[in-house]
Amino acid sequence: MDVVIEIIGTLFSWIGKMFYTIYIWLTHQGIVNKKRKKIFIFGMPHSSKSTIMKFLIKYLDLNYKTHRDPKNNPKGVKVIRSFIIEENFPLQTPKDEFTQVHFEYNDKDGKLINKLYMYEIAGEDVLKFDPTDKEHDNIPIELVKFFKESQAIMIMASSKPEREDEAEIIRDFIESLLEQNIKKPICFVLTKYDLIEKDYQNPVEASKAIYPGAIKLLLSYNNSEVLAFSVGIVENEEIIEDKSKKYILNILKWIEGI
Ligand SMILES: Nc1nc2c(ncn2[C@@H]2O[C@H](COP(=O)(O)OP(=O)(O)OP(=O)(O)O)[C@@H](O)[C@H]2O)c(=O)[nH]1
Ligand SMILES: [Mg+2]
């Protein structure tokens, strides 16, 4: 009898895994949940991950009818609320606190345009996805699941890297993605562009100079994009003039195309 139960259990677990794999495949093909966009964000500490999310949410909140889902996602709503309220840069994201932020934006008739899913996550935790990290195999299950289910990947890379190995870590992360043959769109965002803008013709040229290995790999992969982001003019950690809109619009355009 026990053997029969065990066989049935195994069978159901296989069927479950099979349906899950099919579901993930259909999602990646855009056949189901075309308007549900899960985006996995990779970026070193202080690479502007939270800042971009904040400016994206603020832009959508101002220009569309949005839903934040307080019933199912109170933690995410709290993050969104703080993004909206804060006048300046968001607070540094605490380690080991991963908050899934999801929000819908709709047209003026209330018709869904997209529902975005992202993680507000500290760079220290993102770094666990670096295959050479010693904690690599201890990545929380929910994050691994989110990574697998994500349709696209955004890589935030600072124009002024703080650590000398940042460019190499990002390069190796991209190589590990290509090695896994993930086939997902990858968007490389050169952040804090205001700090170097005067020295380069455009973000691609700047990215090639600061992240040569990463960009070489991305240019050999046809589903990639290189964009820039800046909040605008910053003085003493304060945003003096918000010039983020044109960068957010480019990011949004990429998101809508994935
Ligand atoms: N000049 C300039 N500074 C920026 C910009 N965006 C972010 N910063 C600075 O970079 C700091 C870090 O930005 P965050 O958005 O918190 O970076 P993060 O990637 O979320 O960092 P962790 O949560 O610690 O991983 C901010 O506090 C600002 O001082 C920008 O567009 N221009
Ligand atoms: Mg952060």
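It should be emphasised that the depicted structure is a prediction, and the values quoted were computed from it without experimental measurement.

What counts and what doesn't
- Residues numbered from 1 in each chain as written.
- Chains lettered and ligands numbered in written order.
- Predicted model: local features only at pLDDT ≥ 70, side-chain atom pairs only at ≥ 80, totals over all residues.
- Helix = DSSP H or I, 4+ residues; strand = E, 2+ residues; numbered from the N terminus.
- Rg over C-alpha atoms; globule rule 2.2 N^0.38 Å.
- Buried ≥ 20, exposed ≤ 12 C-beta atoms within 10 Å, placed from the backbone.
- Contact = placed C-beta atoms within 7 Å.
- Domains from an automatic or database assignment.
- Axes fitted to C-alpha atoms, helices over the stretch in contact; angles between N-to-C directions.
- Parallel < 35°, antiparallel > 145°, perpendicular 65-115°, else oblique.
- Nonpolar A, V, L, I, M, F, W, Y, C, P; charged D, E, K, R; others polar.
- Expected span 1.5 Å × (residues − 1).
- Arc of directions from axis to C-beta.
- Left-handed = near helix turned anticlockwise from the far one by under 90°.
- Near = placed C-beta within 6 Å.
- Pairing = 2+ DSSP bridges.
- Core = buried A, V, L, I, M, F, W, Y, C linked by C-beta atoms within 7 Å.

Quick look at the overall build of the chain
Working step 1: When its secondary structure is counted, the chain shows nine helices and nine strands.
Working step 2: By the compact-globule yardstick of 18 Å for 258 residues, the chain fits well, its C-alpha radius of gyration being 19 Å.
Working step 3: Its C-alpha atoms give the chain principal-axis dimensions of about 75 × 45 × 35 Å.
Working step 4: Sorting the 258 residues of the chain into buried and exposed places 31% on the buried side.
Working step 5: Considering only contacts within the chain whose residues lie at least 6 apart along the sequence, 73% involve residues at least 24 apart.

Examining the domain arrangement of the chain
Working step 1: For the chain, the assigned domains are domain 1 (1–32) and domain 2 (35–257).
Working step 2: Measuring from the centre of the C-alpha atoms in domain 1 to the corresponding centre in domain 2 gives 32 Å.

A short note on the packing of helix H2 (residues 49–63) against helix H9 (residues 245–257)
Working step 1: It is at 10 Å that the axes of H2 and H9 come closest, and there the two elements cross at 90°. Of the possible angle classes, the one that applies to H2 and H9 is roughly perpendicular. The residues of H9 that touch H2, namely those facing Phe55, Leu56 and Tyr59, are Lys245, Ile248 and Ile251.
Working step 2: Split into classes, the residues belonging to the contact of H2 with H9 amount to five nonpolar, no polar and one charged.

Overview of H2
Working step 1: Relative to the 21 Å expected for 15 residues at 1.5 Å per residue, H2 spans 21 Å between its end C-alpha atoms, a close match to the ideal helical length.
Working step 2: Considered for burial, the residues of H2 that qualify are Lys49, Ser50, Thr51, Ile52, Met53, Lys54, Phe55, Leu56, Ile57 and Leu60.

Here's the deal with helix H6 (residues 166–179)
A turn of α-helix holds 3.6 residues, and therefore any two residues three or four places apart point the same way.
Working step 1: Between the first and last C-alpha of H6 there are 20 Å, a value that for 14 residues agrees with the 20 Å anticipated at 1.5 Å per step.
Working step 2: Buried residues of H6: Glu166, Ile169, Ile170, Phe173, Ile174 and Leu177, and no others. The arc that holds the buried residues of H6, viewed along the axis, is 135°, so those residues lie on one side.
Working step 3: Tucked inside the fold, the buried residues of H6 contact strand E1 (36–43), strand E5 (152–158), strand E6 (186–191) and helix H8 (212–219).
Working step 4: Just past H6, the residue Asn181 takes up positive phi, approximately 55°.

Side note on the packing of H6 against H8
Working step 1: Taken N-terminus to C-terminus, the directions of H6 and H8 make an angle of 20°; their axes are 7 Å apart at the nearest point. Taken together, the axes of H6 and H8 are roughly parallel relative to one another. In terms of crossing hand, the pair formed by H6 and H8 is left-handed. In this structure, H6 uses Ala167, Glu168, Ile170, Arg171, Ile174, Glu175 and Leu178 to contact H8, whose residues at the interface are Gly213, Ala214, Leu217 and Leu218.
Working step 2: Here the residues of the contact of H6 with H8 are counted per class, giving seven nonpolar, one polar and three charged.

Quick look at the site of ligand 1
Working step 1: Of all residues adjacent to ligand 1, which total 22 residues, the nearest are Lys49, Ser50, Thr51, Thr93 and Gly123.
Working step 2: The class makeup of the residues in the shell around ligand 1 is seven nonpolar, eleven polar and four charged.

Comments concerning the sheet that holds strand E4 (residues 112–120)
Working step 1: A sheet is described by the order of its strands in space; here seven strands give the open sequence E2-E3-E4-E1-E5-E6-E7, paired in mixed fashion. Two strands bound the open sheet, and with one partner strand each, they are strand E2 (65–67) and strand E7 (224–228). Taken over all neighbouring pairs, the strand axes of this sheet differ in orientation by 25° on average, direction set aside.
Working step 2: Where H9 meets the sheet, its contacts fall on E1, E4, E6 and E7, and the angle it forms with E7 comes to roughly 165°.

Some words on the nonpolar core
Working step 1: With 52 residues, the main nonpolar core has Met154, Ile155, Phe188 and Val189 as its most contacted residues.
Working step 2: Those residues in contact with Met154 that lie beyond four places of it in its chain are Ile39, Ile41, Cys187 and Val189.

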